[in-house]
Amino acid sequence: MPVPAASLPLPPGPVGLPLVGSALHFIGPFSRSPHAVLTRLAETYGPIMSFRPGMAGNFVVVSSPAAAREALVDNDAALAARFVPDVARALDHSSESLFFLPNSSPLWKQHRATVGAHMSAARSLERTRHVRDRHARGLAKSMRARSGTPVVVGEAVLGSVLDVVSNILFSEDVGDMRVQGGQLFKDLMVAVLEDWTRPNVSDAFPFLAPTDLFGSRRRVSRGLAKLYKFFDDEFIERRLGANGENHGDLLDVVLARHTMSELTRSEITKFFTDMFLATSNTSRITVEWAMALLLKHPDKMKKVQAELAASIRSKEFVEESELNKLPYLDAVVKETLRLQPPAPLLPRMVVVDGMSLGGFSVPIGTYVLVNLWAIGRDPAVWPKPEEFLPERFLGNQAADFRGLDFAYKPFGAGRRMCPGLDFATRLVPLLLASILHKIEWRLPGGMAPNKYVDLKDRYSMVLELAKPLNAVPVSMP
Ligand code: HEM
């Protein structure tokens, strides 16, 4: 007879101190590398372990493909909610947010269906292909125009990502638009993300949350208020005041629902905020990491550029329809996502009684983190796990992000799997190919890239390069 989950033991884990729990593992230099700290702890306590950082509640960390499968497939319905950090409660954002609402919420279901139909379905992706091609071409042109000058690679890529997304949402470029107070939209996005992701004492010690000790929630509230107002004034009001012209974008879709009283204005501005938060950093950081890894490994850089030269030949710019001619570039993106998944810790929360994992009880209210960073480095599945070897993905059909291979899930899995997968797997390789085709990259001051590119990472909302990549594009004939 199966043992009831409640009588199973809790997963093993480090013994915490009174009050602070295991928080000491995560302070100082470790506050920006919880993925690595948890990977080390899993070596001692196993692939299903528990810990208690401060007084935030119990966390269970899953660090092997088999355990990830058990969590994300067998227990998908039980893991239906997410951990809500204190800053996400600013302006009540989390209560109407696609990220934070539980699966049972009708608003979550409606938003997922909207993103699925208008950003992910094959027909809508084909319809918006010209937008991605146009901005990829623009990015390539601007890198060539800056030939010989150092460029902050992530900043340049972010501008293009924001414009691609804003065209799909509003049919306009937003990167260089200004928000209330004169700040550039893209700078405001970076600032909000920075404040959003700073480690916050209110999360470890919820009784301190009302004091907002270091002002994180206040700063995020100010940033979000500007974003909401920007979307409201610049796009929603203007479109509502226009004469019903159809733009075929996402704004048309949500305003039609608003007219039928299915969506409020507040739900719409929060939806747009989430879409920019979800797309911008994840796609930008993947291109930035791929560039850093390629610069660090000149032999791989040569291979990818040789493939571009052979396949795209003398054509000036790469187009999305040609990505299928670039299997090595595809393997570079996949290997980048294995080594440095933008979202290394999938954050879920148990919403039902009686859940178990690997013979351990995982009670209702427990936060579950699936450590994709640890799984991508599991030596039992990945030979030479620390090495950047795009070749491992050549001809590897299993690595299609959707299969049953739980050793590789950079977009998550189950009902809360990333709804932007199909969009991202077109946009990211296209942007990367565009800045590699007919452009050679060097480091400022003639430094040898393989020596001086710094691959240290830093966890914020995504897994960032600790030092943003600064490199020099050199336009080639
Ligand atoms: C390289 C690019 C990207 C990566 C690696 C990535 C990865 C992820 C991951 C790991 C999750 C959590 C999944 C889970 O809990 O199982 C997620 C959630 C999400 N992603 Fe992405 N993402 C990327 C790009 C995008 C894009 C372009 C969009 C825009 C449509 C998007 C929209 C979202 C949304 C809305 C969620 C929350 C879904 C929910 O909670 O129901 N992402 N993403």
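The name that an unreviewed UniProt entry assigns to the protein chain is Cytochrome P450, with the source organism given as Setaria italica. If you open the UniProt record of the protein chain and go to Cofactor (unreviewed entry), you find "heme".

Novice: Quick rundown of the overall build of the protein chain? Include the residues and the values.
Specialist: The helix and strand inventory of the protein chain stands at 16 helices and 11 strands. Taking the intrachain contacts of the protein chain between residues at least 6 apart in sequence as the baseline, contacts between residues at least 24 apart amount to 74%. Accessible area of the protein chain: about 20000 Å², with a carbon and sulfur share of 58%. Taken as two groups, the 56 positive and 50 negative side-chain charges of the protein chain have centres that lie 3 Å from each other.

Novice: Account for the packing of aromatic side chains, with residues named and values stated.
Specialist: Taken as a whole, this structure holds 24 aromatic pairs when the rule is applied. For the ring pair Phe-170 and Phe-231, a centre distance of 5.9 Å and an interplane angle of 40 degrees mean the geometry is tilted. Of this pair, Phe-170 sits in helix 6 (residues 153-170) while Phe-231 sits in helix 9 (residues 216-241), and the two are 61 residues apart along the sequence. No difference in accessibility class separates Phe-170 from Phe-231, as the two residues are buried. Judged by centre distance (4.8 Å) and plane angle (75 degrees), the rings of Phe-170 and Phe-272 are edge-to-face. One end of the pair, Phe-170, is in helix 6; the other, Phe-272, is in helix 11 (residues 265-296), and 102 residues separate them in sequence. Relative accessible area serves as the criterion here: at 0%, Phe-272 is assigned to the buried category. The side chain of Arg-338 reaches across the aromatic face of Trp-382, ending 5.3 Å from its centre. One cation-aromatic arrangement involves Lys-409 over Phe-406; the distance from NZ or CZ to the ring centre is 5.0 Å.

Novice: Account for helix 9, with residues named and values stated.
Specialist: Over its 26 residues, helix 9 extends 36 Å from the first C-alpha to the last, a length consistent with the 38 Å expected when each residue adds 1.5 Å. Most pronounced at Asp-232, the bend in helix 9 amounts to some 35 degrees. Residues of helix 9 that are buried: Ser-216, Val-220, Ser-221, Gly-223, Leu-224, Leu-227, Tyr-228, Phe-230, Phe-231, Phe-235, Ile-236 and Arg-239. Elements in contact with the buried residues of helix 9: helix 6, helix 7 (185-197), helix 10 (250-259) and helix 11.

Novice: Requested: an account of the side chain of Asn-103, with residues and values cited.
Specialist: Take Asn-103: it is sitting in the loop between helix 2 (65-74) and helix 3 (106-120). In terms of polar contacts, Asn-103 uses its side chain to reach the side chain of Arg-416, at 3.0 Å. Setting aside its immediate chain neighbours within four residues, Asn-103 contacts Ala-80, Trp-108, Lys-109, Arg-415 and Arg-416.

Novice: Please give an account of the site of the ligand that cites residues and values.
Specialist: Among the 27 residues in the neighbourhood of the ligand, the closest are listed as Arg-82, Trp-108, Arg-112, Arg-348 and Cys-418. At 2.9 Å, a side-chain N or O of Trp-108 approaches an oxygen atom of the ligand. Arg-348 is positioned such that a nitrogen or oxygen atom in its side chain is 2.6 Å from an oxygen atom of the ligand. Mapped by element, the contributors of at least two residues to the shell around the ligand are helix 3, helix 11, strand 4 (345-349) and helix 15 (421-436). Looking at the shell around the ligand, the element that brings in the most residues is helix 11, giving 5 residues. When its residues are assigned to classes, the shell around the ligand shows 18 nonpolar, 5 polar and 4 charged.

Novice: Describe in detail the sheet that holds strand 1 (residues 48-51), supporting the description with residues and values.
Specialist: Read from one edge to the other, the open sheet built from 4 strands follows the order 1-2-7-4, with strand pairing classed as mixed. If you trace the sheet from one side to the other, it starts and ends with strand 1 and strand 4, each paired once. Going from strand to strand, the sheet's axes swing by 25 degrees on average, the running direction of each strand aside. Relative to strand 7 (residues 367-371), strand 4 runs antiparallel, the two being bridged by 5 bridges.

Novice: Lay out the coordination of the iron atom of the ligand in plain terms, naming residues and giving numbers.
Specialist: Exactly one protein atom donates to the iron atom of the ligand; that atom is Cys-418 (SG), 2.3 Å from the metal. Tracing the sequence through the fold places Cys-418 in the loop between helix 14 (372-375) and helix 15.

Novice: Could you give me a rundown of the side chain of Arg-348, with the residues and numbers involved?
Specialist: Relative to the helices and strands, Arg-348 is located in strand 4. For the buried Arg-348, which has no salt bridge, the nearest side chain bearing the opposite charge is Asp-76, at an N-O separation of 4.1 Å. In contact with Arg-348, other than residues within four places in its own chain, are Leu-72, Asp-76, Leu-79, Ala-81, Arg-82, Thr-366, Tyr-367, Val-368, Ala-413, Arg-416 and Met-417.

Novice: For the pattern of salt bridges, give the residues involved together with the corresponding values.
Specialist: Summed over all chains, the structure comprises 36 salt bridges. Residues Asp-176 and Lys-186 are paired through a salt bridge, measuring 3.2 Å at the closest nitrogen-oxygen approach. In this pair, Asp-176 is assigned in the loop between helix 6 and helix 7 and Lys-186 in helix 7, connecting sequence segments 10 residues apart. For Asp-176, a relative accessible area of 58% gives the class exposed. Take Lys-186: its relative accessible area is 21%, and that puts it in the partly exposed class. Between Arg-284 and Glu-464 there is a salt bridge, and its shortest N-O distance comes to 2.9 Å. In this pair, Arg-284 is assigned in helix 11 and Glu-464 in strand 10 (residues 463-465), connecting sequence segments 180 residues apart. The same class applies to Arg-284 as to Glu-464, namely buried. Shared partners join several salt bridges into a network, and the residues in it are Glu-126, Arg-129, Arg-132, Glu-320 and Arg-426.

Novice: Quick rundown of the sheet that holds strand 11 (residues 470-475)? Include the residues and the values.
Specialist: Read across the open sheet, the 3 strands follow the order 3-11-8; overall the sheet is antiparallel. What marks the edges here is a single partner per strand, and that holds for strand 3 (151-152) and strand 8 (439-442).

Novice: I'd like to hear about the nonpolar core, residue by residue, with values.
Specialist: If you look at the biggest cluster of nonpolar residues, it comprises 107 residues, and the most contacted ones within it are Phe-185, Phe-272, Phe-276, Leu-436 and Trp-441. No other element matches helix 11, which puts 15 residues into this core. Once residues lying within four places of it in the same chain are set aside, the contact partners of Phe-276 are Leu-162, Val-165, Ser-166, Leu-169, Phe-170, Val-174, Phe-185, Met-189 and Phe-231.

Definitions and limits used
- Residues numbered from 1 in each chain as written.
- Predicted model: local features only at pLDDT ≥ 70, side-chain atom pairs only at ≥ 80, totals over all residues.
- Heavy atoms only, no water.
- UniProt positions renumbered as here; feature names shortened; annotations may be inferred.
- Helix = DSSP H or I, 4+ residues; strand = E, 2+ residues; numbered from the N terminus.
- Contact = heavy atoms within 4.5 Å.
- Areas by Shrake-Rupley, 256 points an atom, 1.4 Å probe, with all protein chains shown as cover.
- Lys, Arg positive; Asp, Glu negative; His and termini not counted.
- Charge placed at Lys NZ, Arg CZ, Asp CG, Glu CD.
- Phe/Tyr/Trp six-rings, centres within 6.5 Å; stacked < 30°, edge-to-face > 60°.
- Buried < 20%, exposed > 50% of the residue type's maximum accessible area, 1.4 Å probe, protein only.
- Lys NZ or Arg CZ within 6 Å of the ring centre and 35° of its normal.
- Expected span 1.5 Å × (residues − 1).
- Bend = angle between axes of the 7 residues up to and from the residue.
- Polar contact = N/O pair within 3.5 Å; in protein donor to acceptor, adjacent residues only side chain to side chain.
- Near = heavy atom within 4 Å.
- Nonpolar A, V, L, I, M, F, W, Y, C, P; charged D, E, K, R; others polar.
- Pairing = 2+ DSSP bridges.
- Axes fitted to C-alpha atoms, helices over the stretch in contact; angles between N-to-C directions.
- Donors = N, O, S within 2.8 Å, 3.2 Å for Na, K, Ca; no water.
- Salt bridge = Lys/Arg side-chain N within 4 Å of Asp/Glu carboxyl O.
- Core = buried A, V, L, I, M, F, W, Y, C linked by side-chain atoms within 4.5 Å.

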